[in-house]
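# Coordinate analysis (summary)
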Amino acid sequence: MQRITYRVKVSAQGAKRRISYLLRPSKRLPNTKSNIVSSVTPTTSNRFAKTKKLAQVSSIALLSLPAESLTTMQASVPAYDHVMLDNTLTVAAVPGNSTYFATDGFQHGFGFDLVRTYADELGVDIDLKAYASEEAALHALKSGEADMALTTASTQLKSQLNLSSINVSCGYDASLTKNGLHPKVSWSFNAPDDPLSQKASYFLCDSIKLKNTQKLAAFYNQTLLKDAYSQDHFKKTLTERLPDYRSSFEEQARNYNHDWELLVAMGYQESHLDANAVSPTGVRGLMMLTNNTAKAMGVSDRVDPYQSIGGGARYLEQMKDEFADVPKSDRIWFALAGYNMGPNAVKSIQRKLRTQGIDDKSWANVYAYLAEHRASNSRYGQAMHYVSNIRSYLETIKTQTV
């Protein structure tokens, strides 16, 4: 029986255009939950559409190749294409004071916030996968379990695994070290010529983005608990006093939908977890409530630890509601600033930023404004230190660095 062979001729240039068309990012609404790992299973229709698109891409790619190469080809799809098709950037990372920590169901941290901004620019979500060591995270990237890695791994380790890497400081290490951050926080990729890696390099080293990186580094300053006295005092207070109040923190956190360790960090900032603390201005109790705030929050006894924690938790909940239009990943910092200086003062700063064409829903921008104008308004300095101190205490608790 005679075998009939059919030949289909497709130019490489034409195939490239058709593949680019199929892989184009779909139009989507701005993403405000880029750091939430979605637990929703994609619908059948979405899975079918994605499978169909991959089949179309594969068919075009195969048809554009010479016949003799079809039996020997080993397809290598760029990570960027996977990210855009899946609408998700999968990141392998190790928790740390320069990478990320988690609270209130969200990830935060210097390195993570940069990744989140990059994902927003790509128009995709983030799936963060935590690993116990730098080596494990990089091996996950190498094996294809992640699209990129966020680590402080040594150059030697990354070279051994033949990975491409970009320092987030883009060579300006001093901007990190002066804030107590690791100078070699980096993003790693499997291939330097992958568009995901190339776009990341442009993103990090853009002059405007570098300024934003420096603003972010200032907020995530790690010097607060670097000296031995501060470390010892923090550790001693949590060891000796927290056990007496832990159940109250946990219960009131559940009542008002907060991370209980966030309330602990606030309590340490307010009173060093001293239920009988009193200030010269008349605020008192573990959460240092004023008379007016205590009455408004239904607190009858400010020195009762359970009531004081509850009053603080309820007021923080109100502050979160005040900034409901801010992306959830940044909302906690706005809420804490409002807790300290009043929500109207924070909103006044936001209006000023808007008039300058600056994103007023970015905490890094609000923090930078506070820092730049604190000489003319002492409340600004108090607020920026209040929020950054609580962030530092919370991060320390989460990463167990003290």
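Going along each chain's sequence as written, the residues are numbered from 1 onward. Selection of residues for local features in this predicted model requires a pLDDT of at least 70, selection of side-chain atom pairs for listing and counting requires 80 or more, and totals for whole chains, interfaces and linings are taken over all residues. Computation of side-chain values covers all heavy atoms of the structure but excludes hydrogens and water.

## Let's talk about the overall build of the chain
Only runs of H or I of at least four residues qualify as helices and only runs of E of at least two qualify as strands under DSSP, and these elements are numbered from the N terminus. Along its length, the chain carries 18 helices and seven strands. Long-range pairs, those at least 24 residues apart, make up 64% of the contacts in the chain with a sequence separation of at least 6. We call two residues in contact whenever any of their non-hydrogen atoms come within 4.5 Å of each other.

## Details of the sheet that holds strand 6 (residues 164-167)
Read across the open sheet, the five strands follow the order 4-1-5-7-6; overall the sheet is mixed. Strand pairing shows two members of the sheet lacking a second neighbour, strand 4 (125-130) and strand 6, which therefore form its edges. Mean inter-strand twist for the sheet, computed between neighbouring axes without regard to direction, equals 25°. Strand pairing is assigned whenever DSSP identifies at least 2 bridges connecting the two strands. As paired strands, strand 6 and strand 7 (residues 186-189) are joined by four bridges and run antiparallel to one another. In the strand pairing of strand 7, Ser164 is matched with Phe189. For helices, the fitted line uses only the C-alpha atoms of the stretch in contact; every axis is such a line through C-alpha atoms, and the angle between N-to-C directions lies from 0 to 180 degrees.

## Structural notes on helix 10 (residues 228-240)
To estimate how far a helix should extend, the number of its residues minus one is multiplied by 1.5 Å. The end-to-end C-alpha separation of helix 10 is 18 Å, in line with the 18 Å expected for 13 residues at 1.5 Å each. Turning to helix 10, its buried residues number three or more, namely Ser230, Phe234, Thr237 and Leu238. Buried residues of helix 10, seen end-on, are gathered within an arc of 95° and therefore sit on one face of the element. Residues Ala228, Tyr229, Asp232, Lys236, Thr239 and Glu240 are exposed on helix 10 and point more than 90 degrees away from its buried face. In this structure, the buried residues of helix 10 make contact with helix 11 (242-255), helix 12 (260-271) and helix 18 (378-399). With a 1.4 Å probe rolled over the protein chains alone, any residue whose accessible area is under 20% of its type maximum counts as buried; one over 50% counts as exposed, and the rest are partly exposed. Arc definition: directions from the helix axis to the C-beta atoms.

## Observations regarding the pattern of salt bridges
Charged atoms that come close allow side chains of opposite charge to pair. Between Lys or Arg on one side and Asp or Glu on the other, a salt bridge is scored when a side-chain nitrogen of the former is within 4 Å of a carboxyl oxygen of the latter. This structure, assessed with the given rule, holds 12 salt bridges. Lys398 is the partner of Asp259 in a salt bridge, and the nearest nitrogen-oxygen pair spans 2.7 Å. Here Asp259 is found in the loop between helix 11 and helix 12, whereas its partner Lys398 is found in helix 18, with 139 residues between them in sequence. Taking the relative accessible area as the measure of exposure, Asp259 reaches 11% and is therefore buried. Overall, the relative accessible area of 27% leaves Lys398 in the partly exposed class. Salt bridges sharing partners connect three or more residues here, namely Asp325, Arg354, Asp360 and Lys361.

## Description of the environment of Arg241
Tracing the sequence through the fold places Arg241 in the loop between helix 10 and helix 11. In this structure Arg241 comes out as partly exposed when scored by relative accessible area, which is 34%. Taking the C-alpha atoms as reference, Arg241 lies 9.7 Å from Ala275; in sequence the two are 34 residues apart. Once residues within four sequence positions are removed from consideration, Arg241 is found in contact with Ser271, His272, Leu273 and Asp274.

## What to know about the state of the cysteines
Two cysteine sulfurs form a disulfide in these notes if their separation is within 2.5 Å. Inspection of the entire model under this criterion finds one disulfide. Disulfide pairing places Cys170 opposite Cys205 at an S-S distance of 1.6 Å. Across the S-S bond of Cys170 and Cys205 the torsion is about 105°, and the bridge reads as right-handed. Of the two residues, Cys170 is situated in the loop between strand 6 and helix 7 (174-177) and Cys205 in helix 8 (residues 195-205); the sequence distance between them amounts to 35 residues.

## Section: the packing of aromatic side chains
Only rings of Phe, Tyr and Trp enter the pairing, Trp through its six-membered ring, and a pair is recorded when the two centres are within 6.5 Å. The plane angle decides the type: under 30 degrees is stacked, over 60 is edge-to-face, the rest tilted. Here the structure, examined in full by the defined rule, presents 16 aromatic pairs. Judged by centre distance (5.5 Å) and plane angle (70°), the ring pair of Phe334 and Trp363 falls under edge-to-face. You can see Phe334 sitting in helix 15 (residues 328-341) and its partner Trp363 sitting in helix 17 (residues 363-373), a full 29 residues away along the chain. Note on accessibility: Phe334 and Trp363 belong to one class, buried. A connected cluster of aromatic rings, assembled from ring pairs, spans Phe219, Tyr220, Phe323, Trp333, Phe334, Trp363 and Tyr367. In this analysis the charged atom, NZ for Lys or CZ for Arg, is taken to sit over a ring once it is within 6 Å of the ring centre and within 35 degrees of the ring normal. Across from the ring centre of Phe323, 5.7 Å away, lies the NZ or CZ of Lys347, which sits over that ring. The ring of Phe219 is capped by Arg391, whose NZ or CZ atom sits 5.6 Å from the centre of that ring.

## With respect to the nonpolar core
Only buried residues count toward a nonpolar core. Its members are Ala, Val, Leu, Ile, Met, Phe, Trp, Tyr and Cys residues joined through side-chain atoms within 4.5 Å. Leu89, Trp187, Phe249, Met266, Leu336 and Trp363 are the most contacted members of the largest nonpolar core, which has 92 residues in total. Tallying contributions element by element places helix 18 first for this core, with nine residues. With near-sequence residues (within four places) excluded, Leu89 lies in contact with Val83, Val115, Tyr118, Ala119, Val124, Asp125, Ile126, Asp127, Asp147, Met148 and Leu196. If you look at the next biggest cluster of nonpolar residues, it comprises 13 residues, including Ala137, Ala149, Ala153 and Leu163.

## Considering the confidence of the model for the chain
Along the chain, pLDDT gives the predictor's confidence residue by residue, from 0 to 100. Summarising the model, the chain shows a mean pLDDT of 84, and 81% of its residues fall at 70 or more. Across residues 1-13, where pLDDT falls below 50, the model places eight contacts with residues more than four positions away in sequence or in other chains. Confidence drops under a pLDDT of 50 for residues 15-19, and excluding neighbours within four residues, the segment shows eight contacts in the predicted structure.

## Observations regarding the packing of helix 15 against helix 16 (residues 343-355)
In contact at an axis separation of 6 Å, helix 15 and helix 16 are set at 125° when each is read in the N-to-C sense. By the angle class used here, helix 15 and helix 16 are oblique. Between helix 15 and helix 16, the contacting residues are Phe334, Ala337, Gly338 and Met341 on the first element and Pro343, Ala345, Val346 and Gln350 on the second. Note on residue classes: Ala, Val, Leu, Ile, Met, Phe, Trp, Tyr, Cys and Pro are nonpolar, Asp, Glu, Lys and Arg are charged, and everything else, Gly too, is polar. Its residues assigned to classes, the contact of helix 15 with helix 16 comprises six nonpolar, two polar and no charged. Comment on the angle field: the value is read as roughly parallel under 35 degrees, roughly antiparallel over 145, roughly perpendicular from 65 to 115, and oblique elsewhere.

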